[in-house]
Amino acid sequence: MKQRVHEQWLYRYGYRLAAARQQRYIERLRRRGGPVRVAFVALNVSMWKYQGLHDLLQADPRFEVTVVLSPGITYKPEQRLRDLRQMRQYFASRGTQYVDWPLESDAPAIDIRRELQPDIVFYTQPYHGSYHARHCFLNFTDRLIAYSPYSYLQAHDAYNYDNVMQNVAWKCYYVNHFHIDEARLLARNRGANAVAVGYTSADDYLHHQYQEVWQHPGSGRRRLIWAPHCTLANNGTAFSRSNFLMMADGMVSLACRHRDDLQIAFKPHPGLLTELYKHPDWGPRRADAYYDQWRTMPNTQLADGDFIDLFQGSDAMVHDSGSFVIDYLYFNHPVMYVTQNMERAKSFVNEPGREAYNAHYEGCTMDDVERFADNVVLRGRDTMEAARRAYYDKYLAQPGGQTTARNMYDDIVQSLRL
């Protein structure tokens, strides 16, 4: 209740004081001396986009860096545990030290403010309620909050720019001038804290050394990803787009018919399992059995963690995910977007989003998906390659020729006057 009142005050009035408070805090940092303490709050592997920036800050003795594992509190316990274990494995494999949250033993969440005393706290989700109360940005409005979206913002809507965190944050790191212009138009603070640095995922997409994650690499099968969104209602809103219920059985049948020439990876949105658990026609037993089926069929696999190697090693994708509309275009593989109304889907988005949809094949039924698999994926009749290349050149090239992590790092150092 106390956080809610604080949040409402910040949204109505307090955001006007944010810039002055931040400058006073920076002056305190300069007088204090010693390293600047930075905490990254990680929800799950799929949304973690700060590895490059983390590594740059970690290598700079002027910073002391910590990653805090904080699986989202809106997910079911099973999903939270899965996300937690994947994060442990991900960070351990990269030698990145982290602060754990042993959910298996019902351990309490670490009190970040008391235990770590961070000066800067980075988030990938700007919403109150995504994080445990001890990890919430509302605990750090007297310090420096930084935010970069985990996906390429497409919706031309205040929802993407005008929530409390985005108005009180020290830095909102956006992709390019399209997003800066929208923040100036839609945010209460008129985008005063918005900085264009490039897309955080681009660093991984463009500079990643591929490691094989596809099963049966010597089989000769073409590799197709199916990436369904989690919003099962599909009621016409910008955030309700899933075709999973229509496609679930059909995609299994497609895999069975093409067991010799297609390897299909099921890449569900991290929230899909939770939504299926709640669905009256599914529930935990059916949902778990369905996921297990994708794990065990001879030419399929479940891909529920990091997806960069999955994308890089693929031949094509079918999806209805908003963020993947942009992300998959970095790899220039054929891609189909499944929707019951493409014009409705494009009506919610900005210019880069509309043009990204135009670089996709369009499908609305399983027949469309099967034709895409037969003609484009298997026979190589790809008529959209030129459109994808043109989109990359116009919207995805990185500002200044530097990595996004380097652009963020340079801005932090300059803003702190280090």
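Residues numbered from 1 in each chain as written. Predicted model: local features only at pLDDT ≥ 70, side-chain atom pairs only at ≥ 80, totals over all residues. Heavy atoms only, no water.

Caption draft 1: Main features of unusual backbone geometry. Despite not being glycine, R190 shows a phi value in the positive range, around 55°. Looking at the element boundaries, R190 is found in the loop between α7 (177-186) and β7 (194-196). For R190, a relative accessible area of 51% corresponds to the exposed category. At N332, a residue that is not glycine, the phi angle is positive and equals roughly 55°. As for its placement among the helices and strands, N332 is situated in the loop between α13 (324-327) and β12 (335-338). (Helix = DSSP H or I, 4+ residues; strand = E, 2+ residues; numbered from the N terminus. Buried < 20%, exposed > 50% of the residue type's maximum accessible area, 1.4 Å probe, protein only.)

Caption draft 2: Broad picture of the packing of helix α15 (residues 351-358) against helix α17 (residues 385-396). It is the contact of α15 with α17, at a shortest axis distance of 10 Å, that shows an interaxial angle of 165°. For the element pair α15 / α17, the angle class is roughly antiparallel. The crossing of α15 and α17 is left-handed. Packed against α15, whose contacting residues are E351, P352, E355 and A356, the element α17 presents Y391, K394 and Y395 at the interface. (Axes fitted to C-alpha atoms, helices over the stretch in contact; angles between N-to-C directions. Parallel < 35°, antiparallel > 145°, perpendicular 65-115°, else oblique. Left-handed = near helix turned anticlockwise from the far one by under 90°. Contact = heavy atoms within 4.5 Å.)

Caption draft 3: Quick peek at helix α1 (residues 2-12). Looking at α1, one finds that the buried residues are Q3, E7 and L10. The buried side chains of α1 occupy one side of the element, clustering within an arc of 65° when seen end-on. Taken together, the buried residues of α1 touch α6 (164-168). (Arc of directions from axis to C-beta.)

Caption draft 4: Representation of the sheet that holds β12 in the model. Across the sheet, which stays open at both edges, the six strands sit in the order β10-β9-β8-β11-β12-β13 with parallel pairing between neighbours. Two strands lie at the open edges of the sheet, namely β10 (300-302) and β13 (361-363), each paired on one side alone. Pairs of neighbouring strands in the sheet enclose a mean axial angle of 20°, with direction left out of account. Where strand β9 (residues 262-266) meets β10, three bridges bridge the pair, whose relative direction is parallel. Looking at β10, one finds that A265 is bridged to Q301. The sheet contacts of helix α9 (residues 244-257) involve β8 (222-227), β9, β10, β11 (316-319) and β12, and relative to β8 the element is tilted by about 160°. Sheet strands in contact with helix α11 (residues 283-296) are β8, β9 and β10, and its direction is about 130° off that of β10. (Pairing = 2+ DSSP bridges.)

Remember that the coordinates give geometry; whether it matters functionally is a separate question.
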